[in-house]
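Take a look at the letters that make up each chain.
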Amino acid sequence: MRRARCLAFGALLALAACGVVWNDPYPADEAGKNILYTAFIDRPKHLDPVQSYAEDEGRFIQQIYEPPLQYHYLKLPYELVPLTATQLPKPIELEGGRFTRYEIRIRPGIRYQPHPAFVEANRHLAPRVIARLKTPYALPLGTRELTAEDYIYQIKRLAHPRLHSPIFGLMAQYILGLDGFAGTLQRADARPDAWLDLRPFPLEGVELVDRYRFRVTLKGRYPQFVYWLAMPFFAPVPWEAEQFYQQPGMAARNFTLDWWPVGTGPFMLAENNPNARMVLVRNPHFRGEPYPSEGSRADRAAGLLADAGRTMPFLDRVVFSREKESIPYWNKFLQGYYDSSAIPSDTFDRAVRIAVGGEVGLTPEMRDRDIRLSTSVDISIIYLGFNWLDATVGGASNRARKLRQAISIAVDWEEYISIFLNGRGRVAHDPLAPGIFGQRSGRAGINPVTHVWKNGRAERRPIAQARRLLAEAGYPDGRDRETGQPLVLVLDTVGRGPGDKPRFDWFRRQFAKLAIQLEIRDTDWNRFQEKIRKGSQQLYILGWNADYPDPENFLFLLNGQQSRAGKQGENSSNYVNAEYDALFDRMKNMPNSSERQEIIDRMVDIVRRDAPWLWGFHPVTYELSQSWLLNDKPNNMARNNLKYLRVNVERRTGLRREWNQPVLWPLVAIFALLAAAVLPAMAIYRRRERMAARSA
Amino acid sequence: MLAYIVRRALYAIPILIGINLVTFALFFLVNTPDDMARMQLGVKRETPEAIEKWKAQRGYDRPLLWNAAAPGVKKLTETIFFAKSVRLFALDFGRAEDNRDIAREISTRMWPSLALALPVFLVGLAVNVTFALGMAFFRGSALDLWGVIVCVTLMSISTLFYIIGGQYLIAKLWRLVPISGYAGGLDAVRFLILPVIIGVVGGLGAGARLYRTLFLEEMGKDYVRTARAKGLAERVVMFRHVLKNAMIPILTGVVVVIPSLFLGSLITESFFGIPGLGSYTIDAIQAQDFAVVRVMVFIGSVLYILGLMLTDISYTLVDPRVRFD
C-alpha cells in the first residue's frame, strides 16, 4: 500500500517534471489549435436578430448574422462600409421629401452556413425524431444562396405577432405600412403553434426588385436609417429556418431560432450552452472577406495593418466560457487561459499605473508578460439629471436655472472619476460623446457654465461662483430666502449594495459645498424606472449607450417630443425648450456639414445654459490583451470584430506552459503536516490499548 | 409504512400550496408583471404596447389572485396564480421567461449540481465523522483540545473566504487545478477537486463539533461502560457501539439534506463556473424570471418534504423501537 502511494506520488512528480500543465481548463484535444478563448458574464436572452438588443448578445450574433452594412474596423470617426451590400445605399427622395427610398443591392454568391433547415425533409420531421435530437446539427445539413427576399422576410419579422422587436415602434414610424402590417399578421396568426409564413403578406414599404435587390420606402426623411442597416435587426433570416424551428417538439428541446441562429457570417454557433460555454466555429461556406487596408498611422505602427488584404476570418473557433465572477476570470487571464480581459476594479492597481502627469501605463507585472493595454472612450454618457417637471429644480425660470448651474459647478466629476473609476472616464461637457460628429474638443468643447480654459486645459470654476449663483437663485447659504428653510434635494438612484455608501457620501459632500442637503433614495431598478416614467423624481442618475454614431442619437435625449413622463420617450428629464426642439427637428435630417455643426453648436449652447443634466462623464474602457492576440482594436460600434482577430498559437502554447507549471512542494508539506498530526495520535492510541485498566 | 407515506404525501399538498402562495406573494410584492416585461424586453425603446403584448402572450395580463370581472369559479381560476401554480402539481414546469424549457434545463443542470454536491456530502460526512470520532477518542487530551480549536476556527471563517482563498492558493499560486470551469464525463473530476475540498473543509468545523458532542454523549452511557467492562477494545467500543448508536441524531441532520443535493450550491457554483441548479436559481432571481423562481422553490419544498419522510423512515431502520404508529 505504502509502495503504491509512493509510486503514485512519484508519477505526479514525473508528470510535473515533463512540463505537463495541470490547471488547463480546456479539453486536451483543443491544445495547439487556432482557437480564441474569451468569456461571457451574463447568459444571453435572445439570439434572434429581430429581438436581440443587448451588447452581450451582439458579441455572438454579430459574428453570425450579416446586415447589409457594417462599420469600418479601424477608421475613426466611425464610418459605414458595405458588408453584404455592394455599396452604401443612397436616399432617394420621393414626392418632394414626403417619402425616402433606399435601394439595397446585395452581392451574389453569398451562402448560408450549413444548417438542417435547408434540407426539405428536415422541415417535416416526425416528433419521435425531434425527441431524440441532441443538437439540430445531428440532421443532414444543407445551404442555399442569400437573396434579397431574406432581408425582406426579416423586415417583416419586425412586426411578427409572436416576437418582440424592440425597434418595432420606432420603425413603424418610418417604414411605410409596417404599422398596419402588424395588424394584418395579428389577424392571420390563428394557430399560435404553427409556422406563420410571412412571405404571402405584402408590406407596402418593402419591395423586391430582383433576386439581389430590394427597396425600403420610409415616410419622410430619416438619414439615420442607414445606421440601422448595420445592425442585426436588418440581417437576413431564411424562411426555412422559421419553418424548421416551428415544428412541434422543437421548442421543448430548446431548438428555436432565438437560440440557434442561422446566418451567412464568418462563424456559426456550434455549441449552445449559455450556462457554461458557447462555441462559434468557422462557417465553411463563408465567402471570405479581405482585412481592411486603410487605417491611421497609429494603426500601422501598432501592426494593425499587417494583415491588410488577407482573407478573413483568421480563427477556426471561438470558445466563450461563462465566468460569472470577476476574480476567477481575471486569474485565468493572468494564467493565459483567456486571450483578453477587462480590468476588474479591485485589481486595477495591479494592472495599471497612472503617472503623476496622468499618463496611463501597465504595471511591471503586466509588462513582463507582454500584456497590452488598449483604452477607448465609450459611445455613451452617464449623467445626473434634473426633472424639468419638479417645482424646485425644474423649469425654465431664472431661479431654477441658476440653481441647476450652481450644482453643475459644485459636483466635481473629475474627482468622481478619479476616486470611483480609477480614472476610467472623461468629463462630459455636453450630451455628445467623443468621436461623434458635432462634438467639439479642446477649448471650443468646454462647458462655459462649469469650466474655464486655463493653462491649456479645462478647469472647473471655483465653488465661490457656484455659491453666488445659488444666492442669485434665492438660496443664500443653502436656505430659501423667503421661508428660511434649508434647501433639501432628493436624488433617486439604483443601489448595488453596501459598497455604494462611499459614492452616496461623496454626492452628499458635493451638495454640502453649497450647504444643500441631499437626500439619497437608493432603490431597485423597477421602482426607479417607475418614478422616471411617472416623472416623480427630482434628481436621478442614468446613462445612455448610443445605437449609432450620430449626434441625433444623443441630442434626442433632450427633445421635448421624447419626454418620458408625457410620451414614454427617452427624455427622462422631461426637458422642454421650444428653440432646442425646433433646431433638433432641423438637425436630425441633415447630412453632416458645417451647417449641421452650427445648429448642433447652438443646441449644445442652449442645454449648457439650461443645465437639465449635470453632464457627468463618458466611461473609458480599459482592455488587456495577451501578446499572442493580434489585430485587436477596441471599436465601440463594430461588434462583428472576431473575424479580424488572429492568434499566434505557438506563442500562446509556449507561454501558457511556462506560466502554469504546478508547484508541488505544498502537496509534500500538506502530507507531512497530516503525518505530523496522525503519528502522535497513533502513538497515543497504541499506548492506551496497551495500558492496564485504570482503577475506578 | 405505505399508509404512513401516503398520509405524509397528502399532508404535503396544502404545505406546497401555501409555499406557492407565499412565493407568489413575495415575488409580486416587489415585481409587477410590467417590471418583468421590461426586464425581458430590455430598457431601451420599450413601448407600452410591447409590454402589453409580452404580458398577454405569457398570461400575465390577468389579475394576480382574484379576477373580480370573471363569473363563478373563474374568479379564482382566471388569475395568474392559478394559471401558473396548478401546472406545477402535474410537474409541468412550463417555459422560462426567455422561452427555454424549464424541465429540460433542470434535467441538464442537476447533474453538475449532483457531481459537486454528492462528493462534498459523502466525503464531508466521512471526514466529519472520522474527525469527531478521533476527538471523542482522545477526549481531554491535547489532540482533542487542538481539534476543537481547529473546528472553531474553521467555523468562524466565511464560505466565501474558503472559495476565494482556495482558488488563489491552490489554483492560482500552486497551479494544481483549474480555477473554474466544468466539463462533462470523467473530465469533470479535475474541475471538481477544488470545490469539493473547499466544501469539505468549509463544513468540517461545524459538522465535527456536532458529531463530537453526540459521540461524547453516547460514550457516557451505561452500555458503553458495560462494553468496556467486558474487555472490548476501545476501537470496537467506538465503531461497533458508540458510532451505531450515535447514528440516529446524525441521520436527522443528514438524510433530510440528501434530496436537496440536487438543488446545488448557490455561491460555489457561481464562483467555480459549474452550470448547476444553484447558479440557475441565482440567474433567475437576477433576471426576475418568476417562472424559474417558482419552479425552483416548488422543487426545493418537495425535496425537503421528501427528505423529512426519508428521515422518518430511516429512524425505523436504525432504531427498531421507533414505529410509524
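Residues numbered from 1 in each chain as written. Chains lettered and ligands numbered in written order. Predicted model: local features only at pLDDT ≥ 70, side-chain atom pairs only at ≥ 80, totals over all residues. Heavy atoms only, no water.

**Q** Hey, could you run me through the overall build of chain B in this one?
**A** Secondary structure summary: chain B contains 15 helices and zero strands in total. Counting over 325 residues, chain B shows a buried share of 48%. For chain B, the proportion of contacts with a sequence separation of at least 24, taken over those separated by at least 6, is 68%. (Helix = DSSP H or I, 4+ residues; strand = E, 2+ residues; numbered from the N terminus. Buried < 20%, exposed > 50% of the residue type's maximum accessible area, 1.4 Å probe, protein only. Contact = heavy atoms within 4.5 Å.)

**Q** So what exactly am I meant to see when it comes to the domain arrangement of chain A here?
**A** Accessible area lost during the coming together of the parts is what is often quoted as the interface size. Here the domain parsing of chain A yields domain 1 (2-19 + 662-695) and domain 2 (380-621). One C-alpha centre belongs to domain 1 of chain A, the other to domain 2 of chain A, and the line joining them spans 67 Å. (Domains from an automatic or database assignment.)

**Q** What am I meant to see in the pattern of salt bridges here?
**A** When the charged atoms of two side chains lie near each other, side chains of opposite charge can form a pair. By the definition in use, this model includes 65 salt bridges over all chains. Note that A:Arg521 and A:Glu519 form a salt bridge whose closest N and O atoms lie 3.3 Å from each other. Residue class for A:Glu519 comes out partly exposed when judged on its relative accessible area of 35%. Three or more residues are tied together by salt bridges with common partners; here these are A:Arg43, B:Asp98, B:Arg100, B:Glu105 and B:Arg109. (Salt bridge = Lys/Arg side-chain N within 4 Å of Asp/Glu carboxyl O.)

**Q** For this particular structure, what's the right way to read the sheet that holds strand S6 (residues 206-210) of chain A?
**A** Neighbouring strands of a sheet are bound in pairs by backbone hydrogen bonds; such pairs are parallel or else antiparallel. Residues and elements named next belong to chain A. Strand order in the open sheet made by the four strands is S4-S5-S7-S6, with antiparallel pairing throughout. The strands lining the two open edges of the sheet, one partner per strand, are strand S4 (91-94) and S6. Recorded for the sheet is a direction-independent mean angle of 25° between the axes of neighbouring strands. Looking at chain direction, S6 and strand S7 (residues 213-219) are connected through four bridges and run antiparallel. Looking across to S7, one finds that Asp 210 is bridged to Arg 213. The sheet strands contacting helix H4 (residues 148-157) are S6 and S7, and the helix crosses S6 at an angle near 175°. (Pairing = 2+ DSSP bridges. Axes fitted to C-alpha atoms, helices over the stretch in contact; angles between N-to-C directions.)

**Q** Would you take a moment to explain helix H12 (residues 247-255) of chain B for this structure?
**A** A turn of α-helix holds 3.6 residues, and therefore any two residues three or four places apart point the same way. All names here are of chain B. Every buried residue of H12 is listed here: Ile 250, Leu 251, Val 254 and Val 255. Within H12, the buried residues cover an arc of 105° as seen down the axis, which keeps them to one side. Those residues of H12 hidden inside the fold are in contact with helix H6 (102-137), helix H9 (188-219) and helix H15 (290-318). (Arc of directions from axis to C-beta.)

**Q** Even after reading the chapter, I still don't get the interface of chain B and chain A, so can you show me in this structure?
**A** Contacts between chain B and chain A engage 55 residues on the former and 67 residues on the latter. Taken together, the connections running from chain B to chain A amount to five salt bridges. In this structure, the salt-bridge partner of A:Lys324 is B:Asp283, at a minimum N-O distance of 3.0 Å. If you list the elements that add at least two residues to the side of chain B that touches chain A, you get helix H2 (33-41), helix H3 (48-58), H6, helix H8 (159-173), H9, helix H11 (234-245), helix H13 (266-272) and helix H14 (277-286) of chain B. If you tally residues by element for the side of chain B that touches chain A, the top one is H3(B), at six residues. Among the residues forming the side of chain B that touches chain A, the class breakdown is 24 nonpolar, eleven polar and 20 charged. (Nonpolar A, V, L, I, M, F, W, Y, C, P; charged D, E, K, R; others polar.)

**Q** I keep staring at the domain arrangement of chain B and nothing clicks. Help me out?
**A** Residues and elements named next belong to chain B. Taken domain by domain, chain B holds domain 1 (2-90) and domain 2 (112-318). Contact with domain 1, which involves 21 residues of that partner, is made by 18 residues of domain 2. If you look at where domain 1 meets domain 2, you find one salt bridge. Among the ionic pairs, Asp 312 bridges to Arg 8, the shortest N-O distance being 2.5 Å. For the pair domain 1 and domain 2, the number of links is five residue pairs in polar contact (both at pLDDT 80 or more). When contributions to the side of domain 1 that touches domain 2 are tallied by element, the ones reaching two or more residues are helix H1 (2-30), H2 and helix H5 (80-89). (Polar contact = N/O pair within 3.5 Å; in protein donor to acceptor, adjacent residues only side chain to side chain.)

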